[in-house]
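Notes for the structure review
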Amino acid sequence: MQSTQTRLTYVAAISALLIWSGTAVANKIANRYLGGLSVGVLRSMVAGFAALLVVLVLGYRLPSSAFRYT
């Protein structure tokens, strides 16, 4: 029987594969209804919200200022 860590690794890998492979299809569909700039902005916004959700769920602290990482 596999450990929980191994199962989570497989779930993460399969999720990444599905998201990565679905990007081209999603772009093609979105470009049919929206302009290229709108699709790019929408993708960036969705990615930003997804990253924020991951940060909050995993309990990472957000930086207090942008100058801390420059």
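Heads up: these notes are all about the structure in this document. (Residues numbered from 1 in each chain as written. Predicted model: local features only at pLDDT ≥ 70, side-chain atom pairs only at ≥ 80, totals over all residues. Heavy atoms only, no water.)

The subject of this paragraph is the overall build of the protein chain. A tally of helices and strands in the protein chain yields 2 helices and 0 strands. For a compact globule of 70 residues, the expected C-alpha radius of gyration is about 11 Å, and the protein chain comes in at 17 Å, more than 25% above that figure. Counting only C-alpha atoms and orienting by the principal axes, one finds that the protein chain spans roughly 45 × 40 × 20 Å. Burial statistics for the protein chain: of 70 residues in total, 3% are counted as buried. When the accessible area of the protein chain is evaluated, it comes to approximately 6400 Å², of which 70% is carbon and sulfur surface. (Helix = DSSP H or I, 4+ residues; strand = E, 2+ residues; numbered from the N terminus. Rg over C-alpha atoms; globule rule 2.2 N^0.38 Å. Buried < 20%, exposed > 50% of the residue type's maximum accessible area, 1.4 Å probe, protein only. Areas by Shrake-Rupley, 256 points an atom, 1.4 Å probe, with all protein chains shown as cover.)

If you check helix α2 (residues 36-58), its first and last C-alpha atoms are 33 Å apart, about what 23 residues at 1.5 Å a residue would give, namely 33 Å. The first or second residue beyond α2 is Gly-59, which carries a positive phi of 80 degrees. (Expected span 1.5 Å × (residues − 1).)

Take helix α1 (residues 4-33) next. Compared with an ideal rise of 1.5 Å per residue, which puts 30 residues at 44 Å, α1 spans 42 Å between its outermost C-alpha atoms and is within 8% of the ideal. Along its length, α1 reaches its greatest deviation from straightness, about 35 degrees, at Thr-23. (Bend = angle between axes of the 7 residues up to and from the residue.)

For the rest of this paragraph, the subject is the packing of α1 against α2. Viewed as axis vectors pointing N to C, α1 and α2 meet at an angle of 135 degrees, and their least axial separation amounts to 9 Å. Overall, the two elements α1 and α2 adopt an arrangement that is oblique. The chirality of how α1 crosses α2 is right-handed. Residue-level contacts link Thr-23, Asn-27, Ala-30 and Asn-31 of α1 to Gly-36, Val-39 and Arg-43 of α2. Classifying every residue of the contact of α1 with α2 gives 2 nonpolar, 4 polar and 1 charged. (Axes fitted to C-alpha atoms, helices over the stretch in contact; angles between N-to-C directions. Parallel < 35°, antiparallel > 145°, perpendicular 65-115°, else oblique. Left-handed = near helix turned anticlockwise from the far one by under 90°. Contact = heavy atoms within 4.5 Å. Nonpolar A, V, L, I, M, F, W, Y, C, P; charged D, E, K, R; others polar.)

In this section: a nonpolar patch on the surface. Together, Leu-37, Val-41, Met-45, Phe-49, Leu-52, Leu-56 and Leu-62 make up a nonpolar patch on the protein surface, roughly 730 Å² of accessible area in all. With respect to the helices and strands, Leu-37 occurs in helix α2. A relative accessible area of 72% means that Leu-37 is categorised as exposed. (Patch = residues over 30% accessible without salt bridge, like charges linked within 9 Å, V, L, I, M, F, W, Y side chains within 5 Å. Salt bridge = Lys/Arg side-chain N within 4 Å of Asp/Glu carboxyl O.)

Moving on: the layout of surface pockets. Any empty space left between the atoms is revealed when a probe the size of a water molecule rolls over them. For the largest pocket, the calculated volume is near 500 Å³. At 9 residues, α1 tops the list of elements feeding residues into the lining of the largest pocket. Of the residues in the lining of the largest pocket, the class split is 10 nonpolar, 3 polar and 1 charged. (1 Å grid on protein atoms, 1.4 Å probe; cavity = no way out; pocket = protein on both sides within 12 Å on 5 of 7 lines; lining within 4 Å. Points joined across faces, edges and corners; volume = space filled by probe spheres on them.)

For the rest of this paragraph, the subject is the environment of Gly-59. With respect to the helices, strands and loops of the structure, Gly-59 is situated in the segment after α2. Counting along the chain gives 21 residues from Gly-59 to Ser-38, while the straight-line C-alpha distance between them is 31 Å.

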